[in-house]
Amino acid sequence: TDSERSFVMPDGMSRQLVGKIVQRFEERGFKLVAIKSLVPSQDLAKEHYEDLSARPFYAGLVKYITSGTPVVAMVWEGKDVIRQGRRIVGATNPQESDPGSIRGQYAVSVGRNLIHASDSFDAATKEIGLWFTESELPEYTLNLERTNAT
Ligand code: DAT
Ligand code: MG
């Protein structure tokens, strides 16, 4: 199939929106492959946001996600999940995000836009490998995948 995986990370449990975020992806029909909460180390946060290391907000971003509030690391699987995940999450700046998106509904500030989602296949591959071990990433089939058309 053309199924793929994306790394999605609500950036803090302080907003108490984890359930609603999980629900959006579940209701769309995506499969939750893995989920865990953790306070990322400096090294993990820096590596995750490595592409942005030259940007002026990089240090603040790393400081924010390592500040002590756990993030929720998730891997979602399904058809076109990388691109669809970006649509569900919404534009980077919540002031430009569609009101139906997660950021458009729950965020107003770019520096506190709630959630990360992989922006490409290469990014997803890197990020999933960074945050999860192989044994945390099971292959399994949902009943709906056995019966639904692709
Ligand atoms: P996205 O998260 O939509 O992929 P990105 O990868 O360009 O956006 O940036 C990663 C995060 O960095 C983003 O979710 C929030 C923060 N960020 C981006 N642009 C910013 C800015 N201009 N000021 C402050 N934080 C910013
Ligand atoms: Mg990004």
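Residues numbered from 1 in each chain as written. Chains lettered and ligands numbered in written order. Predicted model: local features only at pLDDT ≥ 70, side-chain atom pairs only at ≥ 80, totals over all residues. Heavy atoms only, no water.

Per an unreviewed UniProt entry, the chain goes by Nucleoside diphosphate kinase and derives from Apiotrichum porosum.

S.K.: Before we go on, may I ask you to explain the overall build of the chain in this structure?
M.R.: Along its length, the chain carries 7 helices and 4 strands. Counted from the first residue to the last, the chain has its helices and strands arranged as β-α-β-α-α-β-α-α-β-α-α. What you see for the chain is a C-alpha radius of gyration of 15 Å, in line with the 15 Å of a compact globule of 150 residues. Projected onto the principal axes, the alpha-carbon positions of the chain cover approximately 50 × 35 × 25 Å. When contacts within the chain are restricted to residue pairs at least 6 apart in sequence, those whose partners lie at least 24 apart make up 77%. (Helix = DSSP H or I, 4+ residues; strand = E, 2+ residues; numbered from the N terminus. Rg over C-alpha atoms; globule rule 2.2 N^0.38 Å. Contact = heavy atoms within 4.5 Å.)

S.K.: Which parts of the structure should I look at to understand the pattern of salt bridges?
M.R.: Pairing between side chains becomes possible if they bear opposite charge and their charged atoms approach one another. What the rule picks out here adds up to 6 salt bridges. Between Glu139 and Arg5 there is a salt bridge; the shortest N-O distance is 4.0 Å. Highlighted residues: Glu139 in the loop between helix H6 (121-131) and helix H7 (143-147) and Arg5 in strand E1 (residues 3-10), separated in sequence by 134 residues. A salt bridge links Lys126 to Glu50; the nearest nitrogen and oxygen atoms lie 3.6 Å apart. Here Glu50 lies in the loop between helix H2 (42-48) and helix H3 (58-65) and Lys126 lies in helix H6, a separation of 76 residues in the sequence. It is possible to trace a salt-bridge network through shared partners that takes in Arg5, Lys31, Glu77 and Glu139. (Salt bridge = Lys/Arg side-chain N within 4 Å of Asp/Glu carboxyl O.)

S.K.: Is there a simple way to explain the site of ligand 1 in this structure?
M.R.: Lining the immediate surroundings of ligand 1 are Tyr49, Leu52, Phe57, Leu61, Arg86, Thr92, Arg103, Val110, Gly111 and Asn113. Between an oxygen atom of ligand 1 and a side-chain N or O atom of Arg86, the distance comes to 2.7 Å. One of the side-chain N or O atoms of Asn113 is found 2.8 Å from an oxygen atom in ligand 1. Summarising the interface, the protein chains cover 75% of the accessible area of ligand 1, which totals 520 Å² for the free molecule. Classifying every residue of the shell around ligand 1 by side-chain character gives 5 nonpolar, 3 polar and 2 charged. (Near = heavy atom within 4 Å. Polar contact = N/O pair within 3.5 Å; in protein donor to acceptor, adjacent residues only side chain to side chain. Areas by Shrake-Rupley, 256 points an atom, 1.4 Å probe, with all protein chains shown as cover. Nonpolar A, V, L, I, M, F, W, Y, C, P; charged D, E, K, R; others polar.)

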